[in-house]
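Secondary and tertiary structure notes
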Amino acid sequence: MHTAEKQKISVKEAIDYQVVTADEPWEELAEIIRSINTQQAVFFVDENVFRLQDAFIARLESLVKRPILARVPAGEQSKSVQNWASLVDFCLEQGIDRQTPLVAVGGGVTGDLAGFVAASVLRGLPLIHIPTTILAIVDSSIGGKTGVNHSVGKNLVGAFYQPRAVVSFLKVLDTLPDSEFISGFAEVLKYGAIEDTGILALLNGRSILSLRKDPQLLKEIVQRCIKVKARVVSEDTKEAGLRMILNYGHTFGHALEKVAGYGCISHGQAVFAGMVAAGVMAQKLGARIDNSLIDQHAAAFVTRGFFDHFSIEDLNKAMQSDKKVSRATVRFILLHEYGRPYLHPVNDAEFITSVWEESFQKMNQLCS
Ligand SMILES: NC(=O)c1ccc[n+]([C@@H]2O[C@H](COP(=O)([O-])OP(=O)(O)OC[C@H]3O[C@@H](n4cnc5c(N)ncnc54)[C@H](O)[C@@H]3O)[C@@H](O)[C@H]2O)c1
């Protein structure tokens with residue numbers, strides 16, 4: 001008789017890593033590279049960062065004896081399976097070993113792509129993120145989600161792969177265009193809404209762009225955001241539950257991105273509008289939150305009339321097909337009050353329609 005032998009294998013994942021944020025944390029970065037004990041490193045650098053930050057890139061390269069550099073063209077289309085494959089080829093052709101760190105220098109596009117290359121080459125290279133956009137600093141570089149897009153949809157091919165370290169040089173934000181700076185602040189406001197209300201207080205009555213001239217305050221805000229993201233992802237490394245709160249504003253936002261066509265509306269504009277809509281929905285359900293702490297920033301993100309051409313019918317359809325939706329029920333993250341998020345399923349399309357209508361009217365008023 002056949003008796004199957006069963007053995008249990010316990011897998012412990014050591015995933016502690018450092019997130020360093022300062023104007024120019026060169027010493028900390030050099031120390032991290034020294035700890036990997038390598039003579040060489042592969043740098044994947046966003047092409048705009050390469051073009052605009054030559055002194056920064058030269059200094060990065062000088063940290064190892066043999067720097068190996070590849071430029072990543074700017075834009076979402078770089079996050080493709082084809083690009084991933086050619087960067088894997090590039091790494092292998094350079095004769096690297098498992099000790100060779102892969103350093104991702106750029107925004108979320110470079111980070112997601114480089115992260116997936118690092119996860120795959122030789123079954124895993126030490127990955128160091130050097131995020132250069134607000135979004136990448138406070139969000140995409142932390143938490144280990146890596147990957148590329150597929151013709152079936154965004155971010156559908158990838159892996160959870162934690163970096164060895166994340167080192168943010170806030171000075172490099174000097175060349176980031178204003179539109180990208182503002183777009184990343186949708187996520188900043190989100191962290192304020194879902195957990196650290198102090199972030200909203202620090203931004204109350206201040207324009208987002210004014211932070212470009214206040215590096216101290218910018219650093220404080222960014223560090224507080226990282227704390228929220230770090231807490232959430234370390235409690236839920238593989239997106240089993242709690243991470244869902246990071247989707248505040250994103251259920252509405254993804255629908256807007258889908259209907260507009262990716263690239264026609266920035267992620268920040270979509271998420272910001274999504275948070276305004278989530279505020280409207282929560283109030284309709286009886287929550288007493290001071291939406292003005294978010295709403296006051298509307299004019300930074302959109303202009304009057306921006307949403308007039310969106311079809312609410314199309315938006316509702318797009319929500320139904322979102323991967324986070326089951327059957328006709330759409331799941332929203334809402335707030336009882338700032339800092340107290342909860343999951344709220346809705347299967348009443350008329351109610352959702354009324355929320356869209358009210359939010360669009362509201363945004364027009366806020367921008368007039
Ligand atoms: N992995 C995650 O957890 C996660 C989370 C959120 C978003 N993302 C992904 O992040 C991506 C968006 O990232 P993003 O908003 O950083 O966009 P991005 O990487 O496309 O960068 C935005 C633009 O800024 C330019 N740029 C970057 N840094 C610069 C600098 N310092 N100076 C001048 N120009 C600079 C880039 O060339 C690009 O044109 C999306 O693909 C999204 O799916 C991933």
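Small disclaimer: the values here were computed from a predicted structure and weren't measured.

Rules behind the numbers
- Residues numbered from 1 in each chain as written.
- Predicted model: local features only at pLDDT ≥ 70, side-chain atom pairs only at ≥ 80, totals over all residues.
- Helix = DSSP H or I, 4+ residues; strand = E, 2+ residues; numbered from the N terminus.
- Expected span 1.5 Å × (residues − 1).
- Buried ≥ 20, exposed ≤ 12 C-beta atoms within 10 Å, placed from the backbone.
- Arc of directions from axis to C-beta.
- Contact = placed C-beta atoms within 7 Å.
- Near = placed C-beta within 6 Å.
- Core = buried A, V, L, I, M, F, W, Y, C linked by C-beta atoms within 7 Å.
- Domains from an automatic or database assignment.
- Nonpolar A, V, L, I, M, F, W, Y, C, P; charged D, E, K, R; others polar.
- Axes fitted to C-alpha atoms, helices over the stretch in contact; angles between N-to-C directions.
- Parallel < 35°, antiparallel > 145°, perpendicular 65-115°, else oblique.
- Left-handed = near helix turned anticlockwise from the far one by under 90°.
- Pairing = 2+ DSSP bridges.

A word on helix 4 (residues 81–93)
Every α-helix winds through 3.6 residues per turn, so residues three or four apart in the chain are directed the same way. Over its 13 residues, helix 4 runs 18 Å from end to end, which matches the ideal 18 Å to within 8%, given 1.5 Å per residue. The set of residues buried in helix 4 consists of Trp-84, Leu-87 and Cys-91. Looking down the long axis of helix 4, one finds its buried residues gathered within 70 degrees of arc, a one-sided arrangement. The exposed residues of helix 4 that point more than 90 degrees off its buried face are Gln-82, Ser-86, Asp-89, Leu-92 and Glu-93. The inward-facing, buried residues of helix 4 contact strand 2 (40–46), strand 3 (66–72), helix 5 (108–120) and strand 6 (145–150). Downstream of helix 4 by one or two residues, Gly-95 has phi in the positive range, about 65 degrees.

What about the site of the ligand?
Close to the ligand lie 27 residues; Asn-48, Ala-74, Gly-107, Gly-108 and Ser-140 are nearest. For the shell around the ligand, the secondary-structure elements that each account for two or more residues are helix 2 (47–52), helix 5 and helix 6 (134–140).

What to know about the nonpolar core
One finds Phe-44, Leu-102, Val-117, Ala-273 and Ala-278 to be the most contacted residues of the largest nonpolar core, which totals 107 residues. The element contributing the most residues to this core is helix 11 (residues 267–284), with 11 residues. Counting the residues that make up this core, at least three belong to each of domain 1 (18–175) and domain 2 (179–366). Aside from chain neighbours lying at most four places away, what touches Leu-102 is Val-42, Phe-44, Ala-114, Val-117, Ala-118, Leu-125 and Leu-127.

A short note on the domain arrangement of the chain
Taken domain by domain, the chain holds domain 1 (18–175) and domain 2 (179–366). Computed over C-alpha atoms, the centres of domain 1 and domain 2 are 28 Å apart. Counting residues at the interface gives 15 residues for domain 1 and 22 residues for domain 2. Contributing elements (two or more residues each) for the side of domain 1 that touches domain 2: strand 1 (18–22) and helix 6. With five residues, helix 6 is the largest single contributor of residues to the side of domain 1 that touches domain 2. Considering only residue class, the side of domain 1 that touches domain 2 consists of eight nonpolar, four polar and three charged.

A closer look at the packing of helix 14 (residues 312–320) against helix 15 (residues 349–366)
The geometry of helix 14 relative to helix 15 is characterised by a closest axis approach of 10 Å and an angle of 125 degrees between their N-to-C directions. When the axes of helix 14 and helix 15 are compared, the pair comes out oblique. In this structure, helix 14 meets helix 15 at a crossing whose hand is right-handed. Two secondary-structure elements touch here, helix 14 through Ile-312, Leu-315 and Asn-316 and helix 15 through Ala-349, Ile-352, Thr-353, Trp-356 and Glu-357.

Focus: helix 10 (residues 250–260)
Among the 11 residues of helix 10, 11 are classified as buried, and the element is accordingly described as predominantly covered. Along helix 10, the residues classified as buried are His-250, Thr-251, Phe-252, Gly-253, His-254, Ala-255, Leu-256, Glu-257, Lys-258, Val-259 and Ala-260. At its buried positions, helix 10 is contacted by helix 11, helix 14 and strand 9 (330–337). At the exit of helix 10 stands Gly-261, carrying a positive phi of roughly 95 degrees.

Concerning unusual backbone geometry
Within the chain, Leu-122 stands out as a residue other than glycine whose phi angle is a positive 50 degrees. Take Leu-122: it is sitting in the loop between helix 5 and strand 5 (127–131). Using a count of 14 C-beta atoms within 10 Å as the deciding quantity, one classes Leu-122 as partly exposed. Notably, Asn-155 is not glycine yet its phi reads approximately 55 degrees, a positive angle.

Re the sheet that holds strand 1
Taking strand neighbours across the sheet as the criterion, the six strands line up as 1-8-5-4-2-3 in an open arrangement whose pairing is parallel. For this open sheet the edge positions go to strand 1 and strand 3, each flanked by a neighbour on one side alone. When the angles between neighbouring strand axes are averaged without regard to direction, this sheet yields 15 degrees. As paired elements, strand 2 and strand 3 share seven bridges and run parallel to each other. Note on strand 3: the bridge partner recorded for Gln-40 is Arg-66. Packing against the sheet, helix 1 (residues 26–36) makes contact with strand 1, strand 2, strand 5 and strand 8 (165–169), and its axis sits at approximately 155 degrees to strand 8.

Here's the deal with the packing of helix 4 against helix 5
Relative to each other, helix 4 and helix 5 sit at 50 degrees, their axes nearing to 10 Å. On the basis of their axis angle, the class for helix 4 and helix 5 is oblique. Our pair here, helix 4 against helix 5, has a crossing hand that is right-handed. The segment helix 4 lies against helix 5, with Asn-83, Trp-84, Leu-87, Val-88 and Cys-91 engaging Leu-113, Phe-116, Val-117 and Ser-120.

Some remarks on the environment of Leu-189
One can find Leu-189 in helix 7 (residues 178–194). Spatially, the C-alpha atom of Leu-189 lies 8.3 Å from that of Phe-272, the residues being 83 residues apart in sequence. Setting aside residues up to four positions removed in sequence, Leu-189 forms contacts with Leu-200, Met-275, Ile-294 and His-297.

Here we look at the environment of Gly-274
For Gly-274, the position within the fold is in helix 11. Taking the C-alpha atoms as reference points, Gly-274 and His-250, separated by 24 residues in sequence, lie 6.0 Å from one another. Apart from the residues lying within four places of it in its own chain, the contact partners of Gly-274 are Gly-249, His-250, Thr-251, Phe-252, Gly-253 and Leu-256.

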